[in-house]
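Residues per chain are reported as follows:
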Amino acid sequence: MKDDQMQIRTRKKWLQVYQELGSVSKAALRGGVARSTLHRWIL
């Protein structure tokens, strides 16, 4: 359960970074995740 909570917190963090930057590409580069992954998290 703790791993799931950590994943959720991490995803929320990168979604916040995306909102601050206003760019999926920039947020994905900063977070080291694929743009397609970040797009899935946004939906």
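Position numbers for residues start from 1 in each chain and track the written sequence from start to end. It should be noted that, the model being predicted, local features are given only for residues of pLDDT at least 70 and side-chain atom pairs only at 80 or more, the latter also being counted only at that level, while totals for whole chains, interfaces and linings use all residues. Excluding hydrogens and water, the side-chain figures rest on all heavy atoms present in the structure.

Notes on the overall build of the protein
Looking only at helices and strands, one finds 3 helices and 0 strands in the protein. Think of it in three bands: residues with accessible area under 20% of the maximum for their type are buried, residues over 50% are exposed, and the middle band is partly exposed, with areas taken using a 1.4 Å probe on protein chains only. Sorting the 43 residues of the protein into buried and exposed places 21% on the buried side. Accessible surface area values rest on a Shrake-Rupley calculation with a 1.4 Å probe, where residue burial reflects the displayed protein chains alone. Carbon and sulfur atoms make up 50% of the accessible area of the protein, which amounts to about 3,700 Å² in all. For the purposes of this entry, the term helix denotes a DSSP run of H or I that reaches at least four residues, the term strand denotes a run of E that reaches at least two, and both are numbered from the N terminus.

Some words on the nonpolar core
Nonpolar side chains in soluble globular proteins generally cluster together in the buried interior. By nonpolar core is meant a set of buried Ala, Val, Leu, Ile, Met, Phe, Trp, Tyr and Cys residues that side-chain atoms within 4.5 Å join together. Counting 7 residues, the largest nonpolar core consists of W14, V17, V24, A27, A28, L38 and W41. Counting only elements with at least two residues in this core, the list comes to α1 (2-21), α2 (24-31) and α3 (35-42). For this core, the element with the most residues is α2, which contributes 3 residues. Working rule for contacts: check all heavy atoms of both residues, and any pair within 4.5 Å makes them a contact. With residues up to four places along the chain from it excluded, the contact list for W14 reads A27, R30, G31, L38 and W41.

A short note on the packing of α2 against α3
It is the contact of α2 with α3, at a shortest axis distance of 9 Å, that shows an interaxial angle of 110 degrees. In terms of orientation, α2 and α3 fall into the roughly perpendicular class. In this structure, α2 crosses over α3, and the sense of that crossing is right-handed. Where α2 approaches α3, its residues V24, S25, A27 and A28 are matched on the opposing element by R35, L38, H39 and I42. Under the scheme applied, nonpolar residues are Ala, Val, Leu, Ile, Met, Phe, Trp, Tyr, Cys and Pro; charged residues are Asp, Glu, Lys and Arg; polar residues are all the others, including Gly. For the contact of α2 with α3, the per-class residue count stands at 5 nonpolar, 2 polar and 1 charged. Every axis in this analysis is a line fitted to C-alpha atoms, fitted for helices over the stretch in contact. Angles between the N-to-C directions lie between 0 and 180 degrees. Geometric relationships in this document are graded by angle, where less than 35 degrees denotes roughly parallel, more than 145 denotes roughly antiparallel, 65 to 115 denotes roughly perpendicular, and other angles denote oblique. Handedness of a helix crossing follows the sense of rotation of the near helix relative to the far helix, less than a right angle counterclockwise being left-handed and clockwise being right-handed.

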